[in-house]
Amino acid sequence: MNDLISEQPISIGDALSRYSDKQSETYLKGLEIAERQREYSQFPLYLRILIGIGAVIVGCLLLIALAIADVFESPAFVLLIGGAILAIAIMLYRQIDSFGPESLEYAILQQLSFVGVFMGKCMLVIGAGEFVGYGNEAYATFVATLVFTLTTYWVYEIYLDRLVSVLATLFSGFGVIVEMIKEARPYAQMEEVMPLLSLYGYALVPVGVYVFLNPRIPQKYNPFAVAAILMAGFVSVGALGADGVGTSIWPLIFGSEVFHWQDSLSATLSLSGNVIVTLTCIAALIWGSGGRESMRNQKVQFGIRIMALVGLLGIAPCMLGVLVVMVGYLTNDRLILIAGILYIPTTLFFATHTLAIGLMSGGVILVIMACLLFVGYLMSRSWFNSPDLKGAAR
């Protein structure tokens, strides 16, 4: 496909139109991918956000009205009503295909169905939490969110609902892990188990990136990928702020007592977060450069070395922000790109204000990291001002 490479990005349709052999394996694979992507049609992002905000406000007001009317007194009744509202909302959504997407009826029915789905899912979670005994609310919430997510993901195709449902499931799963750790170690402090909990978030990073970037996976699974990366971002920042998890080799420099860690396992788990995010960044770099063959390119090799160096010396949440920026750049998604750019200074703020190393020491570390990046730029700036080397991916 070297003849398809150009200075400006082109669409899948334009690329396929340039093939002369319509029976080649590459053409058939590209056609298969294009067909999968075409099946997924959604409103613009700003319209999804407006629909979601309006539905959430209306749904919350209706739930408050039901609470005032003492509807939530009986858990079984709440589960029954919640399930009925959810089923009616999904049936209503399946009927709006008879209207054109540009019609007023389509927008109204979609809004009503979103309100119904929001209310139904909230009532199912509330009812499940009240139905079980004391101490099992986390397990009941996780089961309820998992069930309605698996039930509605493939039949209710609104992007925002899929995103929120998956994110709620991941958050409730995190709560279950916390409960399991409390049962196994009832006297353990939160900072003692935070390094272990952080692995839950960092393990989601390669999964989310793979689902989002793989062109063979339909775009209807993009909400799952975004939710996984969002969950990883929340957990990584929380772990960094609570106990300095994800600070790579800093404990070896300043000592474990700076982070209030009582064993060597915490330092190992903290470093594992850096390893996971760094390897994912390197994999995304190789994928975006054209695959394994691009590793013979000097630019890609230099990028891998810089990525590994910064990953081992840097902060895992910051590397996660760099990864989000890379994903936004590779997919030409400005919203993701901006989110990654804003996430990086947020993690730097937590790193310099929550760790017991002092602002001076933290500032020195950040300056050293910036100097390493600047030296890397000076070493490679001639590449950015000259034609691409042979075999370079664009």
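Residues numbered from 1 in each chain as written. Predicted model: local features only at pLDDT ≥ 70, side-chain atom pairs only at ≥ 80, totals over all residues. Heavy atoms only, no water.

Visitor: Would you explain a nonpolar patch on the surface in this entry?
Guide: Together, I53, I57, L61, I64 and I68 make up a nonpolar patch on the protein surface, roughly 530 Å² of accessible area in all. Structurally, I53 is set in helix α3 (residues 45–68). By relative accessible area, I53 is classed as partly exposed at 46%. (Patch = residues over 30% accessible without salt bridge, like charges linked within 9 Å, V, L, I, M, F, W, Y side chains within 5 Å. Areas by Shrake-Rupley, 256 points an atom, 1.4 Å probe, with all protein chains shown as cover. Salt bridge = Lys/Arg side-chain N within 4 Å of Asp/Glu carboxyl O. Helix = DSSP H or I, 4+ residues; strand = E, 2+ residues; numbered from the N terminus. Buried < 20%, exposed > 50% of the residue type's maximum accessible area, 1.4 Å probe, protein only.)

Visitor: Which parts of the structure should I look at to understand the packing of helix α4 (residues 75–94) against helix α5 (residues 104–131)?
Guide: Axis angle and axis distance: for two packed helices, these are the angle between their axes and the distance between the axes, and together they describe the pair. Interhelical geometry of α4 versus α5 gives an angle of 155° and a closest axis separation of 7 Å. Here α5 runs roughly antiparallel to α4, going by the angle between their axes. Handedness of the crossing formed by α4 with α5: left-handed. Within the contact of α4 with α5, the residues separate by chemical class into 19 nonpolar, seven polar and two charged. (Axes fitted to C-alpha atoms, helices over the stretch in contact; angles between N-to-C directions. Parallel < 35°, antiparallel > 145°, perpendicular 65-115°, else oblique. Left-handed = near helix turned anticlockwise from the far one by under 90°. Nonpolar A, V, L, I, M, F, W, Y, C, P; charged D, E, K, R; others polar.)

Visitor: Explain the environment of V143 here, please?
Guide: Take V143: it is sitting in helix α6 (residues 137–152). In the structure, V143 is positioned 18 residues away from V125 in sequence and 8.8 Å away in space, judged by C-alpha atoms.

Visitor: Explain the packing of aromatic side chains here, please?
Guide: One pair of aromatic rings is described through two measures. These are the centre distance and the angle between the planes. Scanning the entire structure with this criterion turns up five aromatic pairs. Between Y153 and Y221, the ring centres sit 6.1 Å apart and the planes meet at 15°, which makes this aromatic pair stacked. Within this pair, whereas Y153 is found in the loop between α6 and α7 (159–184), its partner Y221 is found in the loop between α8 (190–213) and α9 (222–243), the two being separated by 68 residues in sequence. The exposure class of Y153 is buried, given its relative accessible area of 5%. Taken together, a centroid distance of 5.7 Å and an interplanar angle of 40° make the contact between F171 and F234 tilted. Here F234 lies in helix α9 and F171 lies in helix α7, a separation of 63 residues in the sequence. The exposure class of F234 is partly exposed, given its relative accessible area of 47%. (Phe/Tyr/Trp six-rings, centres within 6.5 Å; stacked < 30°, edge-to-face > 60°.)

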